[in-house]
Amino acid sequence: MESFLGTQMHSHLYKKPNAFEGKRVLIVGVGNSGLDLAVELSKTAEQVFLSTRSGTWVMPRFALFGKPLDHMTSRFSFGVPFFIRQWFMEMLVKILYGNLARYGIKPSHRYFAAHPTINSDILEIISTGRVAVKPDLCRVLPTAAQFADGSLVEHLDAIVYCTGYKITFPFLPSDLASE
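Because the structure is predicted, anything quoted here is derived from the model rather than measured.

Caption draft 1: Structural detail: the overall build of the chain. Scanning the chain for helices and strands turns up 5 helices and 10 strands. C-alpha atoms of the chain, sized along the principal axes, occupy 55 × 50 × 30 Å. Burial analysis of the chain (179 residues in total) assigns 40% to the buried set. By sequence separation, contacts in the chain at least 24 residues apart represent 64% of the contacts at least 6 residues apart. Of the roughly 10,700 Å² of accessible surface on the chain, a fraction of 57% belongs to carbon and sulfur atoms. Charge-centre separation for the chain: the mean point of 18 positive side chains lies 6 Å from the mean point of 15 negative side chains.

As structure tokens, then:
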């Protein structure tokens, strides 16, 4: 990664899309931050590439009748066995979007095995080609990135890592903060 000549940053440093205007940007990670950034940058960047190791279950921000998804699922889950909730959520995704493989983000895990990603716009933007989905990032070169399938994206200007956060409390004593 040290050999990359362009901008590299973690998503927590991202502020505004203008810095990426007209650039070729790789986003690594398909959690909420990764997909939100991909959507936003697709409006200003020349091209956005989205790298995923294991895909993700994408859910809309609002579900039936304009209600926030978490309101519906939290009420639905009370007293319903886990395997039924899992099956229902997987069927809901298939009904809403079809097979996520056609977007390149089919999850390699069952629903609830990892946090689903909430985003209402990403699949449309992937469909239009403004965001190109790539498999797991394997190697970073001075102006390019290589992926698990052997493909290469060249002429990259920036890489934004959306790979999680390490939460720290530097103002607390270390023995208290580690618990």
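Having seen it, we continue.
Caption draft 2: Expanded view of the pattern of salt bridges. In this structure the tally under the stated criterion is 3 salt bridges. A salt bridge links Arg110 to Glu90; the shortest N-O distance between them is 2.7 Å. With a gap of 20 residues between them, Arg110 in the loop between helix H3 (82–97) and strand S5 (117–118) and Glu90 in helix H3 connect regions that are remote in the sequence. The class of Glu90 is buried, set by a relative accessible area of 9%.

Caption draft 3: Examining the sheet that holds strand S6 (residues 131–134) more closely. Pairing within the open sheet is parallel, and its 5 strands lie in the order S1-S10-S2-S3-S6. Both outer strands of the open sheet, strand S1 (7–10) and S6, are each paired with one neighbouring strand and no more. Between one strand and the next, the sheet's axes are offset by a mean angle of 20 degrees, whatever the strand orientation. Bridge count between strand S2 (residues 24–28) and strand S10 (residues 158–161): 4 bridges; the pairing is parallel. In the sheet register, Ile27 faces S10, and the bridge partner there is Val160.

Caption draft 4: Summary view of the side chain of Asn119. Position of Asn119 relative to the elements: it lies in the loop between S5 and helix H4 (122–128). On the accessibility criterion, Asn119 (3% relative accessible area) is buried. In terms of polar contacts, Asn119 uses its side chain to reach the backbone amide nitrogen of Ile122, at 2.9 Å. Residue contacts for Asn119: discarding those within four places in its chain leaves Leu35, Asp36, Val39, Val58, Met59, Pro60, Arg61 and Tyr97.

Conventions adopted
Residues numbered from 1 in each chain as written. Predicted model: local features only at pLDDT ≥ 70, side-chain atom pairs only at ≥ 80, totals over all residues. Heavy atoms only, no water. Helix = DSSP H or I, 4+ residues; strand = E, 2+ residues; numbered from the N terminus. Buried < 20%, exposed > 50% of the residue type's maximum accessible area, 1.4 Å probe, protein only. Contact = heavy atoms within 4.5 Å. Areas by Shrake-Rupley, 256 points an atom, 1.4 Å probe, with all protein chains shown as cover. Lys, Arg positive; Asp, Glu negative; His and termini not counted. Charge placed at Lys NZ, Arg CZ, Asp CG, Glu CD. Salt bridge = Lys/Arg side-chain N within 4 Å of Asp/Glu carboxyl O. Pairing = 2+ DSSP bridges. Axes fitted to C-alpha atoms, helices over the stretch in contact; angles between N-to-C directions. Polar contact = N/O pair within 3.5 Å; in protein donor to acceptor, adjacent residues only side chain to side chain.

Structural measurements only, silent on function.
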